[in-house]
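Now for the letters of each chain:
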Amino acid sequence: MINAIARTVLLAFLSVTLLPAWEGSSDANAAYSRKHSVRARYKAARIYRRNRMLAMRAAAAAAAKAQAASQGTPQRPVKLLTRDQILASDPARLERLGNRLVVGFSSFSEVKPLVEKKAIAGIFITDHNVRGRKAADVAKDIQDLQDIRRAQGLPRLIVAADQEGGYVSRLSPPLKWQPALGMIIAKLKTDSEREKAVRDYAETQARELDRLGITMNFGPVVDLRLSEPSRNDGETRIYWRAIDSDPYLVAKVAGWYCDTLTKFNIICTLKHFPGLGRVARDTHVASGELTAKQSQLELSDWLPFRRVMTEPGIATMVGHVRVDAIDKATPASFSDAVINGVIRPRFENDGLLITDDFSMGAVTGSKDGLGGAAVKALNAGIDLILLCALDAHYDVLMSALIEADTKGEMALARENESSERLKRYVFVDDRELPPSAPLQAERTPPPVSP
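Bear in mind that the values here come from a model prediction, so they are computed numbers and not experimental data.

Participant: What is the right way to look at the packing of helix 6 (residues 108-116) against helix 18 (residues 390-406) in this model?
Facilitator: For any two helices packed against each other, the geometry comes down to the angle between their axes and how far apart the axes lie. Contact pair helix 6 / helix 18: the axes reach a minimum separation of 12 Å and the direction vectors enclose 25°. It follows from the interaxial angle that helix 6 and helix 18 lie roughly parallel. Seen along the crossing, helix 6 lies across helix 18 with a hand that is left-handed. Side by side, helix 6 and helix 18 meet where Glu110, Val111 and Leu114 of the first sit next to Leu390, Asp391 and Tyr394 of the second.

Listed below in structure tokens is the structure:
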């Protein structure tokens with residue numbers, strides 16, 4: 001069995017190392033030679049990184065599957081349902097379980113049947129959904145899905161985006177490109193200067209996101225900048241995405257940013273708890289870990305999360321890093337010890353929790369597998385699972401949830417708690433006319449001077 005695992009890992013490794021430099025490399029090289037443009041180099045590098053990442057994820061998943069088989073770890077689901085079988089399953093169960101999923105997809109026609117069957121809570125819009133298209137056309141496709149939800153008498157779909165600014169600007173174009181938040185504040189000396197700059201930045205971004213109908217943005221990044229720019233952490237590149245190394249400054253910037261977004265009925269999302277600033281491995285392709293003591297994490301890495309996550313209208317993205325001081329075996333995104341031992345009680349946080357992408361190698365390659373991780377995540381109190389690769393993984397994930405629910409293994413108390421949390425986000429539930437400012441964004445007004 002060990003030899004079988006070794007062969008699996010070797011074959012997966014060869015599939016990565018023998019991967020062509022990038023898809024359409026001749027075209028990319030020709031474009032570079034003609035234009036010498038930053039855009040051409042960036043596109044070629046992005047295609048290369050994407051292909052390499054996909055191959056490494058496949059390698060990790062294959063190795064984990066072989067290891068699980070050798071250790072007798074049960075894999076979920078026992079029986080994989082087809083998409084048609086899933087959508088034809090018990091409608092009430094499908095709606096209940098689907099209400100915990102936000103999915104990325106290739107085309108709007110692909111995701112429409114899931115909306116019609118009430119099989120998801122939201123959609124994730126990214127670069128391949130908008131590339132070469134006008135903002136108005138994308139907005140119409142999104143509104144068409146929202147119209148289906150309205151006719152069903154359901155809350156609006158969550159429409160999520162990954163528009164951090166800078167390196168991660170998935171919707172630019174057609175939306176206006178902005179630098180990362182860290183670049184905005186880098187040369188500013190006072191908090192008053194920083195606050196004005198951040199709020200102006202967030203207002204511009206909110207207006208742009210609203211053009212498409214985005215209701216949730218995966219930002220700001222509140223991981224600390226604790227590494228060197230040359231650190232090789234794969235696709236993560238947290239040095240270039242982080243705001244600063246000072247946790248108090250990061251908390252201030254995140255607070256200003258989120259407060260502004262909520263005023264535009266857009267949920268901001270702090271990411272990626274428990275923090276990637278100290279993590280060298282790329283969880284897109286493999287498991288990573290935090291080895292720092294819990295006391296050190298609470299005084300630095302977790303400070304921005306703790307200070308901002310309890311504010312109204314804010315969600316927190318939970319990443320796939322293992323926290324050795326709390327749970328050495330399970331990534332935070334589906335660790336009961338992390339969610340119910342730290343995030344909920346210690347931070348007094350009853351806000352929305354969404355996972356990082358469950359299509360990532362740290363999940364698909366884990367001993368629990370994608371299906372087992374999904375069951376654990378929801379039973380631990382995660383409100384929403386993000387699954388960016390609908391076509392590749394939705395059937396596995398939903399088959400596992402249906403299977404567990406049929407056996408009475410899903411925690412209904414957690415499900416009810418999540419339903420109540422979602423109802424508090426009037427950004428999503430527009431079945432009644434909301435007040436002029438969302439309840440989550442309201443603040444106690446200052447006293448009026450006599």
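Participant: Is there a simple way to think about unusual backbone geometry in this case?
Facilitator: Leaving glycine aside, a negative phi is the common case for residues, and trans is the common case for peptide bonds. With an omega of 10°, the peptide bond running from Gly219 to Pro220 counts as cis. On the secondary structure map, Pro220 appears in the loop between strand 6 (216-217) and helix 11 (238-241). In this model, Phe273 is joined to Pro274 through a cis peptide bond whose omega is 10°. Unlike most non-glycine residues, Lys118 shows phi in positive territory, near 60°. Inspection of the secondary structure assignment puts Lys118 in the loop between helix 6 and strand 2 (122-125). The class of Lys118 is partly exposed, set by a relative accessible area of 27%. With a phi close to 50°, Glu348 is a non-glycine residue in the positive phi region.

Participant: What am I meant to see in the environment of Thr355 here?
Facilitator: Of note, Thr355 is situated in strand 11 (residues 352-355). Each C-alpha atom of the pair Thr355 and Ser333 lies 5.7 Å from the other, and the pair is 22 residues apart in sequence. Residues contacting Thr355, with those up to four places away along its chain left out, are Met317, Val318, Ser333, Ile382, Leu384, Ile385 and Leu386. At 3.1 Å, the side chain of Thr355 and the backbone nitrogen of Leu386 are in polar contact.

Participant: I keep staring at the pattern of salt bridges and nothing clicks. Help me out?
Facilitator: Side chains that differ in charge, positive against negative, can pair when their charged atoms come close. This model, assessed by the stated rule, comprises 31 salt bridges. Close ionic contact of Asp395 with Arg83 constitutes a salt bridge, the shortest N to O distance being 2.5 Å. Residue Asp395 is located in helix 18, and its partner Arg83 is located in helix 4 (residues 83-87); the two are separated by 312 residues in the primary sequence. We note a salt bridge from Arg414 to Asp336, for which the minimum N-O separation is 4.0 Å. Here Arg414, found in helix 19 (residues 412-423), pairs with Asp336, found in helix 15 (residues 336-343); they are 78 residues apart in sequence, far enough to count as distant. A relative accessible area of 23% places Arg414 in the partly exposed class. The structure contains a network of salt bridges with shared partners spanning Arg344, Asp350, Asp383, Arg421 and Arg424.

Participant: For this particular structure, what's the right way to read the packing of helix 6 against helix 8 (residues 135-152)?
Facilitator: At their nearest, the axes of helix 6 and helix 8 sit 10 Å apart, and the two run at 15° to each other. Relative to helix 8, the element helix 6 is oriented roughly parallel. The hand of the helix 6/helix 8 crossing is right-handed. For the pair helix 6 and helix 8, the contacting residues are Phe108, Val111, Lys112, Val115 and Glu116 in the first and Val138, Asp141, Ile142, Leu145, Ile148, Arg149 and Gln152 in the second.

Participant: Help me understand the side chain of Ser366 in this model?
Facilitator: Relative to the elements of secondary structure, Ser366 occurs in the loop between helix 16 (361-364) and helix 17 (369-380). When its relative accessible area of 10% is taken as the criterion, Ser366 is described as buried. A polar side-chain atom of Ser366 sits 2.7 Å from the main-chain carbonyl oxygen of Val363.

Participant: Explain the confidence of the model for the protein to me, please; I cannot follow it from the model alone.
Facilitator: Caution is warranted with low-pLDDT regions, since their predicted coordinates should not be read in detail. Across the protein, pLDDT averages 84, with 77% of residues at or above 70. Throughout residues 63-72 the model reports pLDDT below 50, and contacts reaching past four residues in sequence, or to other chains, amount to 13 contacts. Overall, residues 433-450 carries pLDDT values under 50, and its contacts beyond four positions in sequence, including any with other chains, amount to 18 contacts.

What counts and how
- As a convention, each chain's residues are numbered from 1 in the sequence order in which they are written.
- Only residues with pLDDT of at least 70 get local features here, since the model is predicted, and only at 80 or more are side-chain atom pairs given and counted; chain-wide, interface and lining totals rely on the full set of residues.
- With hydrogens and water excluded, all non-hydrogen atoms of the structure serve as input to the side-chain values.
- In this description, a line fitted to the C-alpha atoms serves as the axis of each element, helices being fitted only across the stretch in contact, and the angle between N-to-C directions of two axes falls anywhere from 0 to 180 degrees.
- Helical segments are the DSSP runs of H or I of at least four residues, strand segments are the runs of E of at least two, and each set is numbered from the N terminus.
- Note that the term roughly parallel is reserved for angles under 35 degrees, roughly antiparallel for angles over 145, roughly perpendicular for angles of 65 to 115, and oblique for everything else.
- Helix crossings are classified by the rotation of the near helix relative to the far one: an anticlockwise turn of less than a right angle makes the crossing left-handed, while a clockwise turn makes it right-handed.
- We call two residues in contact whenever any of their non-hydrogen atoms come within 4.5 Å of each other.
- We call a residue buried when its accessible area falls under 20% of the maximum for its residue type, exposed when it is over 50%, and partly exposed in between, using a 1.4 Å probe and counting protein chains only.
- Side-chain atoms alone can form a polar contact between residues adjacent in sequence; in general such a contact is a pair of N or O atoms within 3.5 Å, and within protein one must be able to donate a hydrogen while the other accepts it.
- When a carboxyl oxygen of Asp or Glu lies within 4 Å of a side-chain nitrogen of Lys or Arg, that pair is called a salt bridge.
- Scored from 0 to 100, pLDDT reflects the predictor's confidence in each residue.

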